Structure formats: structure tokens, C-alpha cells
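Analysis of the macromolecular model
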Amino acid sequence: MPRLRRLLAVIALACMLLPGAVTSPVQAVQPDEVLADPALESRARDLSAGLRCLVCQNQSIDDSDAELAKDLRVLVRQRLVAGDTDAEVIDYLVSRYGAFVLLKPRFEWGTLALWGAPVVVLLGGIAFAVFSARQRRSESATAALSAEEEAALDELVRPRH
């Protein structure tokens with residue numbers, strides 16, 4: 001009975017703690033980084049949610065505690081305070097760090113080639129396989145047996161007594 005109570009207590013504790021852990025995102029933004037203007041801060045948060053931490057690589061700079069992520073958050077806020085539009089801030093960061101800094105890359109010829117190449121290779125492979133199979137089938141259909149081959153085949157197929 002004590003084991004059952006202990007198990008139920010652990011399950012109840014997990015049920016209470018799990019929703020908070022799942023729904024509350026971790027924000028690495030420090031209080032000294034927050035802008036006084038709520039509109040600019042909101043824009044900064046929106047921008048930094050779409051920017052990749054170059055150290056962590058699968059986190060936004062808002063979620064990362066890395067020093068470089070902090071530097072990028074501060075840089076975004078400085079550019080916004082200087083009067084840059086959202087597009088200008090993004091363009092500045094991309095020109096400085098490359099398109100890898102974007103969590104969702106822009107649609108460009110380079111990204112089209114990156115995402116389209118596997119499809120092209122797959123379709124090319126399927127086309128090659130179909131063409132090869134048709135060619136083999138047509139070659140085997142047109143190849144007639146010589147008289148010697150037919151005699152050898154009849155010898156193999158004919159029942160022996």
C-alpha cells in the first residue's frame with residue numbers, strides 16, 4: 001500500500017509540473033536587454049524569434065543563453081532603436097552572418113536548388129529505371145532463337161522415357 005501511495009504522489013506531482021514545463025517557453029532575454037519602449041521590444045522579440053543562434057543552431061536567439069546569442073539580441077535592439085525597419089535589421093544580419101542566421105530561410109534560387117535537387121534526382125532515377133526496363137523488355141522480345149538454340153531447348157523440355 002505505501003508503494004501505491006508513493007506512485008500516486010509521483011504521478012500527481014508530474015501532472016502538476018508537466019503542463020508548466022511544456023507550455024512556458026524558456027526566454028534567455030536578460031532584464032538589462034529589454035527596451036523601455038514596449039512596441040520596439042515587441043518587434044525585437046518577433047525578430048529574434050526568427051533568428052538562429054549560431055552556437056546552438058536549433059534555437060532562436062531568444063531561447064539561447066549563448067554569449068553570441070546575447071550579442072545578436074543586443075544588436076537587433078540597437079538597430080531598432082536606430083530606426084531600422086524589421087526588413088533592414090534582417091538584411092543587416094544576413095549580410096553580416098549569412099542566410100544561416102535565419103531559422104526560416106528566404107525563398108531564393110539557392111534554396112530552390114537545395115530543396116529541389118533531391119526531387120530532380122529521384123525523378124531522374126525513376127525515369128532511368130523505367131527506360132532501362134522498357135529497353136530490356138523490347139530487346140528480349142525481338143531476340144529470336146537460332147535453330148541450334150531451339151533444338152537445345154526442345155531437348156531440355158522434351159520428356160525422357
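Since we're looking at a predicted model, the values are computed, not measured.

Tallied over the entire structure, the rule returns zero aromatic pairs. The aromatic ring of Phe100 is capped on one face by Arg52, whose charged end is 4.5 Å from the ring centroid. One Lys or Arg, Arg79, reaches over the ring of Tyr92 and ends 3.9 Å from the middle of that ring.

Further remarks concern a negative patch on the surface. A cluster of acidic residues, Glu148, Glu149, Glu150 and Asp154, forms a negative patch at the surface. Inspection of the secondary structure puts Asp154 in helix α6 (residues 147-157). Of the residues examined, Asp154 reaches a relative accessible area of 46% and is grouped as partly exposed.

The next point concerns the UniProt feature "transmembrane region" (unreviewed entry) in the chain. The sites that carry the UniProt feature "transmembrane region" (unreviewed entry) are, in the present numbering, residues 112-131. Taken end to end, residues 112-131 is 100% helix and 0% strand, and its first and last C-alpha atoms sit 27 Å apart.

Right, let's talk about the side chain of Glu41 for a bit. Relative to the assigned elements, Glu41 resides in helix α2 (residues 38-49). Judged by its relative accessible area of 9%, Glu41 falls in the buried class. Here Arg77 takes part through its side chain, which lies 2.8 Å from a polar atom of the side chain of Glu41.

The tally for this structure, following the rule as stated, stands at five salt bridges. For Arg77, the salt bridge goes to Glu41, with nearest N and O atoms at 2.8 Å. You can see Arg77 sitting in helix α3 (residues 67-81) and its partner Glu41 sitting in helix α2, a full 36 residues away along the chain. For Arg77, a relative accessible area of 3% corresponds to the buried category. The network of salt bridges with shared partners includes Glu41, Arg45 and Arg77.

Parameters at a glance
- Residues numbered from 1 in each chain as written.
- Predicted model: local features only at pLDDT ≥ 70, side-chain atom pairs only at ≥ 80, totals over all residues.
- Heavy atoms only, no water.
- Phe/Tyr/Trp six-rings, centres within 6.5 Å; stacked < 30°, edge-to-face > 60°.
- Lys NZ or Arg CZ within 6 Å of the ring centre and 35° of its normal.
- Patch = residues over 30% accessible without salt bridge, like charges linked within 9 Å, V, L, I, M, F, W, Y side chains within 5 Å.
- Areas by Shrake-Rupley, 256 points an atom, 1.4 Å probe, with all protein chains shown as cover.
- Salt bridge = Lys/Arg side-chain N within 4 Å of Asp/Glu carboxyl O.
- Lys, Arg positive; Asp, Glu negative; His and termini not counted.
- Charge placed at Lys NZ, Arg CZ, Asp CG, Glu CD.
- Helix = DSSP H or I, 4+ residues; strand = E, 2+ residues; numbered from the N terminus.
- Buried < 20%, exposed > 50% of the residue type's maximum accessible area, 1.4 Å probe, protein only.
- UniProt positions renumbered as here; feature names shortened; annotations may be inferred.
- Polar contact = N/O pair within 3.5 Å; in protein donor to acceptor, adjacent residues only side chain to side chain.

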